[in-house]
Amino acid sequence: MSSTAIESLPINETLSPDSQAALVDAVRDCYETDQAIYPVGGGTSLGFGLPPKRAGVALAISQLNRVIEFPARDMTITVEAGISMQSLAETLAAEHLRLPIDVPQPATATLGGVIATNFNGPRRFGQGTIRDHVIGISAVDGRGTPFKGGGRVVKNVAGYDFCKLLTGSLGTLGVITQVTLKLKPIPPAHCVVACVPVDFAAAEGLLAALIDSDTTPTAIELLTGPNWHQDAFIGTLGTDHGRPVLAISFEGTAQEVDWSVAQLKMEWGRQGIVETGMLAGQEADQWLRMLAEFPHSGLAESAEAPLVLKANVVPSGTTRFAAQVQSLDPSAMIQAHAGNGTLIVRLNQLPEGGIARDLVGNLDATAAGMHGNVVMLANPSRAEMTHQSVWGGIDAPFQWMEAVKREFDPKNLLNPGRFVYQF
Ligand SMILES: Cc1cc2nc3c(=O)[nH]c(=O)nc-3n(C[C@H](O)[C@H](O)[C@H](O)COP(=O)(O)OP(=O)(O)OC[C@H]3O[C@@H](n4cnc5c(N)ncnc54)[C@H](O)[C@@H]3O)c2cc1C
């Protein structure tokens, strides 16, 4: 964890428990002394959410990084929540298994942090979300009471589904200590096929046609913005920097992937796309890794973005939303997981009228018209961090969410003020 990351929190003291029992004691002490608790994994996303207002204790999870049980033949693993995503991937790869979740900065990001924030990258379309892979969870609530949900086997539906509840709760309901994951085999083959549609309308036609395609992509990525041509692969696709790039990834056996590539090229050919680019094997893996890093750090050559947003809209709204962003900031860089309607927007210019009024207000309304919302992922200036600008218009039953929060954390000690609750 970098010291600058943790300095973004109002911290009096940092505790680094080296066992789950020590973590329980630490949370219980905070409960008894009324101290706010900020769980910290790798510290890669501490700027996400509203800025904390109350001083408190940083509870570093990174020493809880052990593998508890790895029955590879059952395709599950039980680990402590502070394990880094890279270390987890290396453990799994030794048995030809993986957790197919694309995460930026995997050497630093921890499994607990990834579950708490519930982001998902390009492979979400074909492989599902982190929530789909968590089958058992152990955590400690705001009183210092340990609790568990799910179990260590795939077929397990007993009790309340705490796995789903804790995923995406931004560490406000409990400190996650241990997780059991459902795993997938590492596929032997991987290809990325890409083309450059003439404009958003043409891209929308290709995306709509994918619904009827006989292929089953792992990822459907639509990339727009002036700097994408800096990427070596995209640079080979054409010279017109204004056009969007559509990239489709296929994983499976060599035979499945070869068939999918040929089939997609035939389907695209019928729609007038003749020029395509392709990456295979490790090159395809590395390119998807570059896309997984983009939300956090952009392209290697690009400058720090003054604002990073995430929009969720209906998939058929992806190109319309991207066009709206570009009308507000023509230099914006956009990565859309187009099959899911998720857009990561790295803005390069901020509007003169301010973030809340001219930008988030405008984009919120557009997303709401597409049954979606916009949240702020990063805002290095920390200006205009309001509930509306950070969490957008959330169509959620707040009274139920707040009632759940009070049950788990009656003194509001866990990450106070950072999440969507109105207190
Ligand atoms: C700009 C941006 C873009 C992103 N893009 C993507 C993306 O494309 N794909 C993707 O998968 N992820 C994305 N993320 C999320 C990021 O990958 C994960 O949030 C991060 O990896 C979390 O790991 P960490 O250990 O660094 O968490 P930290 O930064 O340490 O913590 C993040 C949050 O989780 C809480 N937390 C951490 N550990 C625990 C725990 N054990 N129990 C309870 N709460 C805990 C913290 O209190 C904090 O609120 C993005 C984040 C940002 C800010």
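Residues numbered from 1 in each chain as written. Predicted model: local features only at pLDDT ≥ 70, side-chain atom pairs only at ≥ 80, totals over all residues. Heavy atoms only, no water.

## Observations concerning empty space enclosed by the protein
Once rolled over the atoms, a probe with the size of a water molecule shows which space is left empty. Scanning all chains against the criterion turns up 2 cavities of 30 Å³ or more. Of the pockets and cavities examined, the largest cavity occupies roughly 120 Å³. Residue lining of the largest cavity: 15 residues in total, with I234, D240, H241, R243 and V245 positioned closest to the centre. Here the residues of the lining of the largest cavity sort into 7 nonpolar, 6 polar and 2 charged. Space inside the second largest cavity adds up to approximately 40 Å³. (1 Å grid on protein atoms, 1.4 Å probe; cavity = no way out; pocket = protein on both sides within 12 Å on 5 of 7 lines; lining within 4 Å. Points joined across faces, edges and corners; volume = space filled by probe spheres on them. Nonpolar A, V, L, I, M, F, W, Y, C, P; charged D, E, K, R; others polar.)

## Regarding the environment of R357
Among the secondary structure elements, R357 is positioned in helix 13 (residues 355–368). Put simply, R357 and D132 are 225 residues apart on the chain and 36 Å apart in space, counted from C-alpha to C-alpha. (Helix = DSSP H or I, 4+ residues; strand = E, 2+ residues; numbered from the N terminus.)

## Structural notes on the site of the ligand
Close to the ligand lie 31 residues, the nearest being P39, G42, T44, T110 and T117. A distance of 2.8 Å separates an oxygen atom of the ligand from a polar backbone atom of G43. Within the side chain of T110, one N or O atom sits 2.5 Å away from an oxygen atom of the ligand. When the free accessible area of the ligand is taken as 960 Å², the share hidden by the protein chains comes to 99%. The element contributing the most residues to the shell around the ligand is helix 4 (residues 111–117), with 5 residues. (Near = heavy atom within 4 Å. Polar contact = N/O pair within 3.5 Å; in protein donor to acceptor, adjacent residues only side chain to side chain. Areas by Shrake-Rupley, 256 points an atom, 1.4 Å probe, with all protein chains shown as cover.)

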